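A structural walkthrough
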Amino acid sequence: MSMNESTVQAGTLYVVATPIGNLGDITQRALQVLAGGDVIVAEDTRHSGRLLHQFQIDTPTIALHEHNERHRAPQIVERLQKGESVALISDAGTPLVSDPGFHLVRLAREVDIKVVPVPGASAMLAALSVSGLPSDRFIFEGFLSSKSGARKKRLEAIATEPRTLIFYEAPHRLLDTLADMVDIFGVDRRVVLARELTKTFETIKGDGVGNLLEWVRSDTDQQKGEMVLLVKGVTSDSGMANDAEAQRILKLLLEELPLSQASALAAKITGSRKKPLYQLGLRLAGQGDDD
Ligand code: SAM
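One structure accompanies this document, and this report is about it. Small disclaimer: the values here were computed from a predicted structure and weren't measured.

The rules behind the values
Residues numbered from 1 in each chain as written. Predicted model: local features only at pLDDT ≥ 70, side-chain atom pairs only at ≥ 80, totals over all residues. Heavy atoms only, no water. Helix = DSSP H or I, 4+ residues; strand = E, 2+ residues; numbered from the N terminus. Lys, Arg positive; Asp, Glu negative; His and termini not counted. Charge placed at Lys NZ, Arg CZ, Asp CG, Glu CD. Contact = heavy atoms within 4.5 Å. Salt bridge = Lys/Arg side-chain N within 4 Å of Asp/Glu carboxyl O. Buried < 20%, exposed > 50% of the residue type's maximum accessible area, 1.4 Å probe, protein only. Near = heavy atom within 4 Å. Polar contact = N/O pair within 3.5 Å; in protein donor to acceptor, adjacent residues only side chain to side chain. Areas by Shrake-Rupley, 256 points an atom, 1.4 Å probe, with all protein chains shown as cover. Expected span 1.5 Å × (residues − 1). Arc of directions from axis to C-beta.

A word on the overall build of the protein. Assigned secondary structure in the protein consists of 11 helices and 10 strands. Counting only C-alpha atoms, the protein reaches 75 × 40 × 35 Å along its principal axes. Positive and negative side-chain charges of the protein, numbering 33 and 38 respectively, have mean locations separated by a distance of 3 Å.

And the structure:
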C-alpha cells in the first residue's frame, strides 16, 4: 500500500504510537494522522503539546486519562459517530499498553466504529528485541504492585513460568523489586534491565539477578530513568527441573531437616540434580532467609 492510501478517514478512531524517547521514532503515518484528524485525544495534553509543537501539528487536543476515561469515552464516541476522525495517543509508546485507551477502544468497537492501529514504538517490544532472552513466547506483566506483599505474591504466582517475563518498573522501586526477585526466583535467574531506551543514557544489562542487584546498588545512575525488566523463564537447562518449585520444596524441607538430607529429598521429589539444590540451600542459609 502506498502512503497516499493512508489518508485520514471520517468517523474513524486511530490508535497512534508515539516515540518512547527518541523523536526520530515517530512514523510518517503517525504524523499524517495526527495532522489530518479533527481531534487528538491525549493522556496529558501539555506533555503531548511539546511533541505536536515539534512537528508543527496544531490539531486540537482533549485529555483522556485514567481518572476521566469512563466519563469521556462516550463523548468521544459521539463525536466519532458524527463523522469526526479521532487520533488517540498516550505520553509515550503505544496507547493501551500500561496506558489509557482501553475503555474508549472497547466502546468504539461495541458501536461498530472503525478502529485503526498506527503502530510504532513500545518499550516492552524494544526491550525484548535486544534482551537476548527467548522471544518466541513471552508474557507482559505491566507494572508490579507498589505494595511489597502483593508484589511478592504475584512473583510467586509466576515463578515457574517457562516464558520470558516482561515488567515495567518505576526507578524508585527497582532495588526492592530486584531484591524480591532474588528471594523468589533465586539469585541465578537471568534478568535483563533495559533502561532509557532510545535515549542518551540507554543501558541494557543482563546478569543473574543477584549480581544485577549488586551492580544497580553500587551505581546509583542505574536507578534512574525509565526501565523495563525482563526475566528468563524457567527451563530445564539450569540443572533443576523447575527452579522455583524446587526452591519452594527445599525451603520447606530445610525447616525440618539438615541440608544434605533436605537437598537429597528435594532432588527426588522434583527430579532435579542434588548438587545445585545443595548449593541453593547453602545460599539460602547465607542470606539468613527470614520466611
Ligand atoms: N505505552 C508505553 C509503551 O508502549 O511502552 C508504556 C507506558 S508506561 C505508563 C511507562 C513505562 O514504560 C515506564 O515506567 C517504563 O517502565 C517503560 N518505558 C517507557 N519508555 C521507556 C524507555 N525509553 N526505556 C525503558 N522503559 C521505558
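Once that is clear, we can look at the side chain of Arg189. As for its placement among the helices and strands, Arg189 is situated in the loop between α7 (174-185) and β8 (190-195). Contact partners of Arg189, with chain neighbours within four places excluded, come to Ala159, Asp207, Gly208, Val209, Val231, Lys232, Gly233, Val234 and Ala244.

One pass over the structure, following the stated rule, counts 10 salt bridges. Residues Glu84 and Arg79 are paired through a salt bridge, measuring 3.1 Å at the closest nitrogen-oxygen approach. For Glu84, a relative accessible area of 22% puts it in the partly exposed group. A residue is classified by how much of its surface remains accessible, and Arg79, at 30% relative accessible area, is partly exposed. With a closest N to O distance of 3.3 Å, Glu196 and Lys199 form a salt bridge. Residue classification places Lys199 among the partly exposed positions, given a relative accessible area of 27%. Because the salt bridges share partners, they merge into one network encompassing Glu196, Lys199 and Glu226.

Lining the immediate surroundings of the ligand are 19 residues, of which Asp99, Ser122, Ala123, Tyr168 and Met227 lie closest. The contact in question runs from a nitrogen atom of the ligand to an N or O atom on the side chain of Asp99, over 2.8 Å. Measuring from an oxygen atom of the ligand, one finds a backbone N or O atom of Ala123 at 2.8 Å. Its free accessible area being 570 Å², the ligand has 90% of it covered by the protein chains. Where the shell around the ligand is concerned, the elements lending two or more residues are β7 (164-169) and β10 (227-231).

The next thing to look at is helix α3 (residues 69-81). Helix length check: α3 (13 residues) gives 18 Å between terminal C-alpha atoms against 18 Å at 1.5 Å per residue, within 8%. Among all positions in α3, only Glu69, Ala73, Ile76, Val77 and Leu80 are buried. Down the axis of α3, the sector holding all buried residues measures 105°, keeping them to one side. Of the surrounding secondary structure, the elements contacted by the buried residues of α3 are β1 (12-16), β2 (39-42), β3 (61-63), β4 (86-89) and α4 (102-110). Backbone geometry just downstream of α3 places Gly83 in the positive-phi region, at approximately 110°.

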